[in-house]
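# Structure assessment
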Amino acid sequence: MGVPNLSARWKKAKADFQKITGEKKPKAKGFVSSMLGHSGMDGAFKDADKISTAVEMEQNQAKKLKYAQRGLKHAAKLDSIVKDYIKFAKSKIKDEEADKNQRTTYTKALDFLTDRLDHLDKLYDTFLDNHIIAMNKTLSGMQKFTKMMYKSLATTLANASAGIKKIKANPTPEQFKEIYGGSDNIARKVQVQMVQAATAQKKGLLPDLMIDPRFVADKMTPWQAGGKGLAVCNDDDDASTILAKNAEFEKLLKLCARFLVDLNEKAPR
C-alpha cells in the first residue's frame, strides 16, 4: 500500500479546514486556531512517517518486523492523541452549536476534520498491521486475507466518510468535483475493496455475509467514474442539490459499513 505520508495528508486536511471556514490566518484565540494548535499531532505524524519509511524500505524480514513492532508502540501513542483530539473537537462542536443553536460552517468543517483524522489514524494502523500479518507464518491464507481485508476496508470507508463530511461542510460544485470528479475518487476506492471481497468469497477466502459485496460494488459503478454517471454536478447546482447527491452515495457507504461489521463478527480468528 506504500508509505502513508501522514504529515502531508494532515497538513492538507488542516488547509482544507481553514479554507472551508474562511480563516487563512486564524486569530490566536479563535475557534480555528484552537483546533489546529491543539496537541502534539504534527510531531506524532512525523514520527509515524519515519517509522513507516523504515518498515517499507527494510528488506531483512527480521529487521522489518522489529521496525513494525516499534511502529505499533508508536501507534498506541498516536491512537491516544487522536482520541483526545477528537474528544476535544466534539466538545467544541457541542459548545458552538449550543451557542448558535444550529449547525454552523465551523462545526461541519470540524466534523470533516475529525473524520479525516480518524482516517489517517486507521491508515497508519493498517500499514503496520498488513506488514505484520504478511510476515506471520502461523496464520492461514483465509485468516491473513480476512484480517487485511477488514483493515483496508475500514481505512477506505473512513476516507470516504471524510470526503462526504467535507461536502456537507462546503456544499458547492467545486467541492463536489474535488471529491467525486477524479478517476480514482472515493467511490472508486471503495468499489475496488468490495470487488476484492467478492472475488475472495468465490475463492473461499472470506465467509458468506449478510451483504453481498458484488451487489454493492455494482451499485457504485455510476459513482466511481469521475465526470460520468452520478459523479457529476453542474456549475450552477445549489447547496440542496449537491447535498442530495452526496446523500445518495452515503447510503451505499452505509451498506459497506454493515458489511464491515458482519465481516468482523464472522471472520476466522
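Positions within a chain are numbered from 1, following the residues in the order the chain's sequence is written. Per-residue local features of the predicted model are confined to residues with pLDDT of at least 70, and side-chain atom pairs are confined, for both listing and counting, to 80 or more; whole-chain, interface and lining totals are unaffected and use all residues. Calculated side-chain values reflect all of the structure's heavy atoms, with hydrogen atoms and water omitted.

## Quick notes on the overall build of the protein chain
On a plain count of helices and strands, the protein chain comes out with eleven helices and zero strands. Helices and strands in the protein chain line up, N terminus first, as α-α-α-α-α-α-α-α-α-α-α. C-alpha atoms define the radius of gyration, and 2.2 Å times the number of residues to the power 0.38 defines the globule rule. Its C-alpha atoms give the protein chain a radius of gyration of 20 Å, near enough to 18 Å, the size a compact globule of 269 residues would have. With the principal axes as the frame, the protein chain shows a C-alpha extent of 55 × 40 × 30 Å. Working definition: helices are DSSP H or I runs of at least four residues, strands are E runs of at least two. Numbering for both runs from the N terminus.

## Notes on the nonpolar core
Put simply, a nonpolar core is a bunch of buried Ala, Val, Leu, Ile, Met, Phe, Trp, Tyr and Cys residues held in one set by side-chain atoms that sit within 4.5 Å of each other. Only protein chains enter the accessibility calculation, which uses a 1.4 Å probe; a residue whose area is less than 20% of its type maximum is buried, one above 50% is exposed, and one in between is partly exposed. Core analysis: the biggest nonpolar cluster contains 33 residues, and Tyr 180, Val 190, Met 194, Phe 249 and Phe 259 have the highest contact counts within it. If you list the elements that add at least two residues to this core, you get α6 (141–169), α7 (173–180), α8 (186–202), α9 (213–219) and α11 (239–266). Top contributing element to this core by residue count: α11, with eight residues. Here a residue-residue contact requires only that any non-hydrogen atoms of the pair lie within 4.5 Å. Ignoring sequence-local partners within four residues, the contact set of Phe 259 consists of Leu 153, Met 194, Ala 197, Gln 201, Leu 209, Ile 211 and Pro 213. The next biggest cluster of nonpolar side chains, apart from the first, holds 31 residues, and it includes Ala 13, Leu 78, Ala 109 and Leu 110.

## Looking at the pattern of salt bridges
The working definition used for a salt bridge is a side-chain nitrogen of Lys or Arg within 4 Å of a carboxyl oxygen of Asp or Glu. Scanning the model with the defined rule gives 21 salt bridges in all. Close ionic contact of Lys 12 with Asp 16 constitutes a salt bridge, the shortest N to O distance being 2.8 Å. Remark: Asp 16 and Lys 12 occur in helix α1 (residues 6–21); sequence separation between them is four residues, near one turn of the helix. For Lys 12, a relative accessible area of 43% corresponds to the partly exposed category. Taking relative accessible area as the criterion, Asp 16 reaches 11% and is therefore assigned buried. In this structure, the salt-bridge partner of Asp 111 is Lys 165, at a minimum N-O distance of 3.6 Å. Highlighted residues: Asp 111 in helix α5 (residues 105–135) and Lys 165 in helix α6, separated in sequence by 54 residues. Among the residues examined, Asp 111 registers a relative accessible area of 10% and is labelled buried. With relative accessibility at 16%, the residue Lys 165 sits in the buried group.

## Section: the packing of aromatic side chains
Note on aromatic contacts: the rings of Phe and Tyr and the six-membered ring of Trp form a pair at centre separations within 6.5 Å, being stacked when their planes are under 30 degrees apart, edge-to-face when over 60 apart, and tilted otherwise. Summed over the entire model, instances satisfying the criterion amount to six aromatic pairs. Seen in terms of ring centroids, Phe 176 and Tyr 180 are 4.6 Å apart; in terms of plane orientation they differ by 40 degrees. Their pairing is tilted. Separated by four residues within a single helix, Phe 176 and Tyr 180 lie in helix α7, roughly one turn from each other. Residue class for Tyr 180 comes out buried when judged on its relative accessible area of 0%. A centroid spacing of 5.7 Å and a plane angle of 85 degrees characterise the contact between Tyr 180 and Phe 249, whose relative ring orientation is edge-to-face. Placement of the pair is Tyr 180 in helix α7 and Phe 249 in helix α11, with a sequence separation of 69 residues.

## What to know about the side chain of Asp 262
Assignment of secondary structure puts Asp 262 in helix α11. With near-sequence residues (within four places) excluded, Asp 262 lies in contact with Leu 209 and Met 210.

## Here we look at the side chain of Asp 49
Inspection of the secondary structure puts Asp 49 in helix α3 (residues 41–57). One buried charged side chain, Asp 49, makes no salt bridge at all; its nearest oppositely charged neighbour is Arg 9, positioned 7.5 Å away. A distance of 2.8 Å separates the side chain of Asp 49 from the backbone nitrogen of Leu 6, its partner in a polar contact. Other than its neighbours up to four places away in sequence, Asp 49 contacts Asn 5, Leu 6 and Ser 7. Positive: Lys, Arg. Negative: Asp, Glu. His and the chain ends are not part of the count. Residues adjacent in sequence count toward polar contacts only when both atoms are side-chain atoms; beyond that, a polar contact is any pair of N or O atoms within 3.5 Å, and within protein one must be able to donate a hydrogen and the other to accept it.

## Some thoughts on the packing of α7 against α11
Between the N-to-C directions of two axes lies an angle of 0 to 180 degrees, each axis being a line fitted to C-alpha atoms and, for a helix, fitted only over the stretch in contact. At a minimum axis distance of 10 Å, the contact between α7 and α11 shows a crossing angle of 25 degrees. What the angle tells us is that α7 and α11 run roughly parallel. The interaxial crossing formed by α7 with α11 has left-handed handedness. Across the interface between the two elements, Pro 173, Phe 176 and Tyr 180 from α7 touch Ile 242, Lys 245, Asn 246 and Phe 249 from α11. Roughly parallel means an angle under 35 degrees; roughly antiparallel, over 145; roughly perpendicular, 65 to 115; everything else is oblique. Crossing handedness follows the turn of the near helix against the far one: under a right angle anticlockwise gives a left-handed crossing, and clockwise gives a right-handed one.

Read these as geometric descriptors, not functional statements.
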